[in-house]
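Here is what each chain is made of, one letter per residue.
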Amino acid sequence: MKQFVLTVIVAAALAGCSSPVKLDDVPVQDKSGTSAGAIGAGQGAGAGGVAQSGVTPVDLSKSGDTAGGPAGARIVYFDYDSYSIRGDEQATVENNARYLRADRNRKAVVEGHTDERGGREYNLALGQKRSEAVRRALGLLGVPEAQVEAVSFGKEKPAVQGSDEAAYARNRRAEITYR
């Protein structure tokens, strides 16, 4: 009887997972209103036969990573298997809190990171605790909770590659980014 019930459950699960949609047979449609032949014939093409678009080029020299943040550090480093903010990192938190308090429209995201040791779930949880610790410290320094978001990347985005203590120390961090 148990085997029959187990067989029925497995069959129901497999039937529920099937789909009539064929992902390999997705049609591609050209919705631009022009054909490749029209562009090659000179319609919609600029000098030299290159198609002109309405897209403005991005100036990478004005990257948002360095613009829009306080002068000084935006990375808080942590000890191994810890989410307590070290005393030598307090100045970084205070500097970023001053910057956020100066303009209530500024938004910040605190990204928690870990080194590669440990499992994925454990590191995601530890990264979240690190980002929450920095978010709470900013809150204690007068930054409204609505200005700061805490997220975790765990070990997925290392700052440096390597399996030595120096690399591990650089990867145990919380980065404050501004939007």
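Relevant structure appears above.
Residues numbered from 1 in each chain as written. Predicted model: local features only at pLDDT ≥ 70, side-chain atom pairs only at ≥ 80, totals over all residues. Heavy atoms only, no water.

S.K.: Talk me through the overall build of the chain; I want residue IDs and the actual numbers.
M.R.: Across its full length, the chain holds 5 helices and 4 strands. Helices and strands appear in the chain in the N-to-C order α-α-β-α-β-α-β-α-β. A burial count over the chain gives 26% of its 179 residues as buried. Looking at the chain alone, contacts between residues at least 24 apart form 71% of all its contacts between residues at least 6 apart. (Helix = DSSP H or I, 4+ residues; strand = E, 2+ residues; numbered from the N terminus. Buried < 20%, exposed > 50% of the residue type's maximum accessible area, 1.4 Å probe, protein only. Contact = heavy atoms within 4.5 Å.)

S.K.: Go over the sheet that holds strand β3 (residues 148-154), please, and point to the residues and values.
M.R.: Taking strand neighbours across the sheet as the criterion, the 4 strands line up as β1-β4-β2-β3 in an open arrangement whose pairing is mixed. Sheet topology places β1 (75-77) and β3 at the edges, where each strand pairs with a single neighbour. Between one strand axis and the next, the sheet turns by 20° as a mean value, whatever way the strands run. In this structure, β1 lies alongside strand β4 (residues 173-178), joined through 3 bridges in antiparallel fashion. Its bridge partner lying in β4, Y77 is registered against R173. (Pairing = 2+ DSSP bridges. Axes fitted to C-alpha atoms, helices over the stretch in contact; angles between N-to-C directions.)

S.K.: Before we move on, could you go through the pairing of strand β2 (residues 108-113) and cite the residues and values that matter?
M.R.: Look at any regular strand and the pattern is simple: side chains alternate between the two faces of the sheet. With 6 of 6 residues buried, β2 is to be regarded as a mostly interior element. Of the two faces of β2, the one lined by A108, V110 and G112 and the one lined by V109, E111 and H113 are each fully buried. As paired strands, β2 and β3 are joined by 6 bridges and run parallel to one another. By the bridge assignment for β3, V110 is matched with A150.

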